[in-house]
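# Chain and residue survey
Residue-level listing of the chains:
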Amino acid sequence: MMNLPKPIVVLAMISCSLTSFAQTVPQLGKNSVKEVIAAMTLEEKATLVVGASKPPANQSTMAGGAMIGATQAKVPGAAGNTAAIPRLGIPSMVLSDGPAGVRIQPIRNGDSTKTYYATAFPVGTLLASSWDPALVNRVGKAFGNEVLEYGVDILLAPGVNIHRNPLNGRNFEYYSEDPLIAGTMAGAIINGVQSNGVGTSIKHFAANNQETNRTTINTLVSERALREIYLRGFRIAIAASNPWTVMSSYNKINGTYTAERHDLITTVLRDEWHFKGFVMTDWGGGRNWVDEMKAGNDLIEPGRPSQTQAIISAVQHDSLSVKALDENVEHILNIVLQSPSFKHYQYSNKPDLKAHAEISRQAATEGMVLLKNDDHTLPLKGVKVIAAFGNASYNTIAGGTGSGDVNKAYVVSVRQGLDNAGYICDAGLTYDYTTYLKQEKAKAPAGRRAPAPAEFMESEEMINKRSGSTDIALITIGRNAGEGSDRNLQTNYNLTDAEKQQIKKIATAFHHQGKKVVIVLNIGGVIDMNGWQDDADAILLAWQPGLEAGNAIADVLSGKVNPSGKLATTFPVTYTDVPSAKNFPGTPEGKPEQVIYQEGIYVGYRYYDTFNVKPQYEFGYGLSYTNFSISGLKLNTSTMTKNLTAAVSVKNTGGVAGKQVVQIYVSAPAKSIDKPVQELRAFGKTKLLQPGESQVLTFNISVNDLASYHTAQSEWITDAGKYTLKAGASSRDIKQAAVFTVPAPIVTENDHKAFELPVEISELKGK
Ligand code: BGC
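I will try to describe carefully the structure that is included in this document. Note that the coordinates shown come from a computational prediction; the quantities given were computed from them, not determined experimentally.

Counting its regular elements, the chain contains 22 helices and 28 strands. For the chain, the C-alpha radius of gyration of 28 Å lies close to 27 Å, the compact-globule estimate for 767 residues. C-alpha extents for the chain along the principal axes are approximately 105 × 70 × 55 Å. A burial count over the chain gives 61% of its 767 residues as buried. Taking the intrachain contacts of the chain between residues at least 6 apart in sequence as the baseline, contacts between residues at least 24 apart amount to 78%. Surface summary for the chain: the accessible area is close to 28700 Å², and the carbon and sulfur share equals 53%. Across the chain, the centroid of the 73 positively charged side chains sits 3 Å from that of the 71 negatively charged ones.

The following block contains the structure:
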C-alpha cells in the first residue's frame, strides 16, 4: 500500500467495501425475481405493493421516495404509478387512463407552445358496434403507440363490464350486453395496445354495473349469472390477450369487496383462468388492505403511506404471511421487467397524431349504426344546403366524462364535418346556435365542468323560413354521462318534452315542403326512441365517435362510407321493459346499499328473446345502403362431440359496396337447467363486398362455447340433445338455420365453488 495518511486509508477501505457490497445487492433484470425478493426488506416489499402517488410518510427511510416525485413529473396527469426501489434496480411504472385514449395533462407548466394532446378514439359502445375485432385491434395498435410515446407503462383500460342497465353512466366505456362481444373486443384492443410493449389493465373486475354508490354498493348475484354473464367477457379477453394487469372493482359481490375476494382474484382468475399478470385495486377501492393482499390483489392504488404501514404491521403481527406478500411482489416485478420504464425506453412525446386521427375517423364510421332509413333518405342525394339543428351539431360530443375522457386538441363538430364534405350549413342557424352556446359557456362557473347547456330552441318562424331555404333538416341529439353518477331517466335517457316538440316542429315544417328530416344520435348509451322517431325519415346512431366526430358522421351521411355497424346492446321500447329496471340502482331507494341481480342470466337479448318482449331495435340490428343475402348454411357435421364448423355465404344483392355482419346464435336444449332461447356463439364480418360479390364466412364452435354453468355441481355442462344453429343479420332476423345433436352430455370444465350468496335471492327462471 502507498504511504497514505491514516484517515485516507480508512476512507479508501470503506469505499472499497461499499463497492463490493453494492455489487452483491441483487438487481432486477440481472438477478432472478426470486433473488431480488430475497434481498428486499419488509418495508421495501410493503412499499412496492402500494401505489406511489403520494409522497411516503417517512421520506428518509423509503428508498423510492426521491424517485416518486420524479415519476409524477414524468407524465403529468397520469392516474398513478408504482413505487421505485433504486437500490434493487426497480423503476417506477406510470399508469394512465382510459378506454378511449391516453388521459394525460395536455399543457405543462403553462407552456402551450409544446402540447401533449392525445387522440380521442371512438368510445367502447361504438367500437363494439363495428363487430370487427380486426378494426378494434388496429385502433389498439395506434392507441398503444401513444401510451408508449407519452412515457406511460400501463394503460388503465379496457372496461369490460356488461351493459346490464342503460342508465349506467359508464356504459359508453364498455362494449355490450353480451359477454362474447365484450370479451372479443377487449381482447382485440388489448392485443393491439400491448403489441407496442406497454401494458393494459382490464377493468373493473367484476360486476361493476352502476355508478350510484359505486364504492360501497353490495351486488347480490348468483354464481351462474356471474360466470355466464359478468365474468365471461373478462375470461374471453384474458385468454385471447394476456393483459399485463387486471383492475378489481369498487363494489362488493355477495357481501365482500371484490378486491378482498380470494375466490374471485385467486381461485377464478389465477387458478381457473391461469392469469399471469398482477391485480390492482381501483382508485381507493376496498377497505381492508391486508385482506386485499391475501386475496391476491397485488397492488393498492393510488396508494397511501398508511396502507404500507398497515401491511408492515400485519406481517409483524402474523396476520399476513411473508409468503403471501412475496407472491404479490413477484406478480408486480414480473411485469416491471417488461415495462418501457425498466427498459429505459426513450419516449418521444411525439406520437403521429395525424395518422391516429385518420384511424379514429375510419373506426368511427365502421361502428355507426343506421337505425332508420325510410325511402332511402340516406345517403344524402341532391342536397347542398343543410339546416343543422341541435346543440350537438355545433358542440359535438367526442366521448364521455370522467376518467374515460381524453384531453384532445380538437373535436370536429357535425357542422364542420358537413362543411368539410362540401355541404353548406345554413348560416343563420349556425349563428343562432353558436351565439347561444357561447353565451351559455360564459355563464358557466369557472374551473368546474359545467353541465351541458339546455337545448337551444329555435323559433317557429325561423324553422319555417329554413324549411323553405334549405334542402334538408338535420337534428343532432346529444347525450353525455360518465364516471361517478348514473344517467337520469327523465332528462338523459328520455328526450325532454321541449326536445320532442322541437323535433315535431321541424318535421312538420320540412315535411310540409316535401323535405326530409335526418336525426343523428350523438350519445354514449341507449336512449328512449318512443314517438319522436316517427318524425324522422332517417336516424343515424353515431354514438360518441372520438375527435374526428363530424368528419366521420359526414362520411356516412354522404355515402362515402356505407354504414355496417350493428347494435351490441338492445334499444327497448320503454325503460320499464329492461329486465333490471326494477333492480337498479338498488335499495333502499335514494341511497342504495345493495342491488339484487334478480334477472340472473337474462340480460339484454337473452331476456327479450326468452320472454317474448319486443324491443325497439334488437341486439344485432343495423341497416345498410345496400342489401345482402345470407344463404347456403352448411355444418361440417350433424353430430358434435368436440368442435363444429359452420359456413355461410353472404352476397351483396344491392347497388353499392358494403359490409355485412353474420351472427351465429345457438338454441340449446334446456334439459337440466333453464336456458335463454338463444345465445350469440360466434360472429363475423365480410370484407367490403362490391355489388354482386359474395364471400363465404366460416365459424368454429367448440363444445366449451355451448356449456352452461351448473351451480350445484360446479360444472360447465353441454347438454345432450338437439341444437339449432342460426345465422342471422340480427338476433331477430335469422336467415338460415341448421340442426345438430350432441349425443351425450359433456362436462367441459370442473370449477371451484365460489361467490356464496349471504342471503337467498329469487332469480328469474326461463321457460
Ligand atoms: C375509475 C377507474 C380509473 C381510476 C384511475 C377510478 O375512479 O373507476 O376506471 O382507472 O379511477 O383514474
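Let's shift gears to the layout of surface pockets. Looking at the largest pocket, its volume works out to about 1800 Å³. Around the largest pocket sit 47 residues that line it, and R449, A450, A452, P453 and N480 are the ones nearest its centre. Examining the composition of the lining of the largest pocket, we find that five residues originate from one element, helix α17 (residues 427-443), more than from any other. Class assignment for the residues of the lining of the largest pocket results in 17 nonpolar, 17 polar and 13 charged.

Between its first and last C-alpha, helix α20 (residues 497-512) extends 22 Å over 16 residues, near the 22 Å set by a 1.5 Å rise per residue. For α20, the set of buried residues is E499, Q502, I503, I506, A507, A509 and F510. A positive backbone phi angle near 70 degrees is found at G514, which sits one or two residues after α20.

What follows deals with the site of the ligand. Neighbouring residues of the ligand: 13 residues in total, closest D97, R170, H204, D282 and E483. Measuring from an oxygen atom of the ligand, one finds a side-chain N or O atom of R214 at 3.1 Å. Relative to its unbound accessible surface of 310 Å², the ligand loses 92% to contact with the protein. In the shell around the ligand, the residues fall into five nonpolar, two polar and six charged.

Right, let's talk about the sheet that holds strand β18 (residues 594-596) for a bit. With mixed pairing, four strands are arranged side by side in an open sheet as β10-β9-β7-β18. Strands at the two margins of the open sheet, each flanked by one partner only, are β10 (256-257) and β18. Direction of pairing for strand β7 (residues 218-220) relative to β18: parallel, over a ladder of three bridges. Looking across to β18, one finds that T219 is bridged to V595.

Here we take up the side chain of T119. When you line up the elements, T119 lands in the loop between β4 (111-115) and α5 (124-129). Among the residues examined, T119 registers a relative accessible area of 2% and is labelled buried. In terms of polar contacts, T119 uses its side chain to reach the side chain of E146, at 2.5 Å. When neighbours within four sequence positions are excluded, T119 is seen to be in contact with A100, G101, E146, L353, H356, A357, S360, V406 and L547.

Now for the nonpolar core. Counting 153 residues, the largest nonpolar core has L371, F389, I519, L521, W532, L557 and F571 as its most contacted members. Top element by residues in this core is helix α7 (residues 179-194). It accounts for nine residues. Aside from chain neighbours lying at most four places away, what touches F571 is I523, V526, I527, M529, L541, W543, P615, Q616 and Y617. Among the nonpolar cores identified, the runner-up in size contains 39 residues, and I85, V290, M293 and V329 belong to it.

Our focus in this paragraph is the pattern of salt bridges. All chains considered together, the criterion is met by 38 salt bridges. One salt bridge connects R170 with E173, and the closest N-O pair in it is separated by 2.6 Å. The same class applies to R170 as to E173, namely buried. The partner of K659 in a salt bridge is E366, with the nearest N and O atoms 3.1 Å apart. Of the two residues, K659 sits in the loop between β20 (643-652) and β21 (661-667) while E366 sits in helix α14 (residues 353-367), which places them 293 residues apart along the sequence. The same class applies to K659 and to E366, which are both buried. Several salt bridges converge on common partners, so that one network encompasses R170, E173, E211, R214 and E483.

Across the chain, the bulk of peptide bonds are trans and the bulk of non-glycine residues have phi less than zero. The peptide bond linking K203 to H204 adopts the cis configuration, its omega dihedral lying at -10 degrees. Relative to the helices and strands, H204 is located in strand β6 (residues 199-205). A206 follows F205 through a cis peptide bond whose omega is 10 degrees. Positive phi values are uncommon outside glycine, yet N349 reaches one of about 60 degrees. Tracing the backbone shows N349 in the loop between α13 (322-336) and α14. Judged by its relative accessible area of 15%, N349 is buried. Even without being glycine, H376 reaches a positive phi, approximately 50 degrees. Mapped onto the secondary structure, H376 falls in the loop between β12 (369-373) and β13 (385-389).

Axis separation between helix α18 (residues 460-469) and α20 bottoms out at 8 Å; the angle between their running directions is 35 degrees. Considering how the two elements wind past one another, α18 and α20 form a crossing that is right-handed. In this structure, α18 uses E460, I463, N464, R466 and S467 to contact α20, whose residues at the interface are Q502, K505, I506, A509 and F510.

Right, let's talk about the sheet that holds strand β8 (residues 245-248) for a bit. The six strands are arranged β1-β2-β5-β6-β8-β11 in an open sheet whose pairing can be described as mixed. Each having just a single partner strand, β1 (80-81) and β11 (278-280) make up the two edges of the open sheet. Two strands pair when backbone bridges link them, and β6 and β8 are joined in this way by three bridges, in the parallel orientation. Considered in β8, the bridge of S201 is made with T245.

For the structure shown, the criterion picks out 21 aromatic pairs. Judged by centre distance (5.5 Å) and plane angle (55 degrees), the ring pair of W131 and F619 falls under tilted. Pair noted here: W131 is in the loop between α5 and α6 (133-149) and F619 is in the loop between α22 (605-610) and β19 (628-635), with a separation of 488 residues, a long-range link. Just as W131 is buried, F619 falls in that class too. Ring centres 5.6 Å apart and planes at 70 degrees place the aromatic pair Y493 and Y575 in the edge-to-face group. Placement of the pair is Y493 in helix α19 (residues 489-493) and Y575 in the loop between α21 (549-558) and β18, with a sequence separation of 82 residues. Each member of the pair, Y493 together with Y575, is buried. An aromatic cluster is built from W131, Y605, F619, Y665 and F683, whose rings are joined through pairwise contacts. One Lys or Arg, R108, reaches over the ring of Y116 and ends 3.5 Å from the middle of that ring. For R164, the ring lying beneath its charged end belongs to Y597, and the centroid distance is 3.9 Å.

Reading the values: the criteria
- Residues numbered from 1 in each chain as written.
- Predicted model: local features only at pLDDT ≥ 70, side-chain atom pairs only at ≥ 80, totals over all residues.
- Heavy atoms only, no water.
- Helix = DSSP H or I, 4+ residues; strand = E, 2+ residues; numbered from the N terminus.
- Rg over C-alpha atoms; globule rule 2.2 N^0.38 Å.
- Buried < 20%, exposed > 50% of the residue type's maximum accessible area, 1.4 Å probe, protein only.
- Contact = heavy atoms within 4.5 Å.
- Areas by Shrake-Rupley, 256 points an atom, 1.4 Å probe, with all protein chains shown as cover.
- Lys, Arg positive; Asp, Glu negative; His and termini not counted.
- Charge placed at Lys NZ, Arg CZ, Asp CG, Glu CD.
- 1 Å grid on protein atoms, 1.4 Å probe; cavity = no way out; pocket = protein on both sides within 12 Å on 5 of 7 lines; lining within 4 Å.
- Points joined across faces, edges and corners; volume = space filled by probe spheres on them.
- Nonpolar A, V, L, I, M, F, W, Y, C, P; charged D, E, K, R; others polar.
- Expected span 1.5 Å × (residues − 1).
- Near = heavy atom within 4 Å.
- Polar contact = N/O pair within 3.5 Å; in protein donor to acceptor, adjacent residues only side chain to side chain.
- Pairing = 2+ DSSP bridges.
- Core = buried A, V, L, I, M, F, W, Y, C linked by side-chain atoms within 4.5 Å.
- Salt bridge = Lys/Arg side-chain N within 4 Å of Asp/Glu carboxyl O.
- Axes fitted to C-alpha atoms, helices over the stretch in contact; angles between N-to-C directions.
- Left-handed = near helix turned anticlockwise from the far one by under 90°.
- Phe/Tyr/Trp six-rings, centres within 6.5 Å; stacked < 30°, edge-to-face > 60°.
- Lys NZ or Arg CZ within 6 Å of the ring centre and 35° of its normal.

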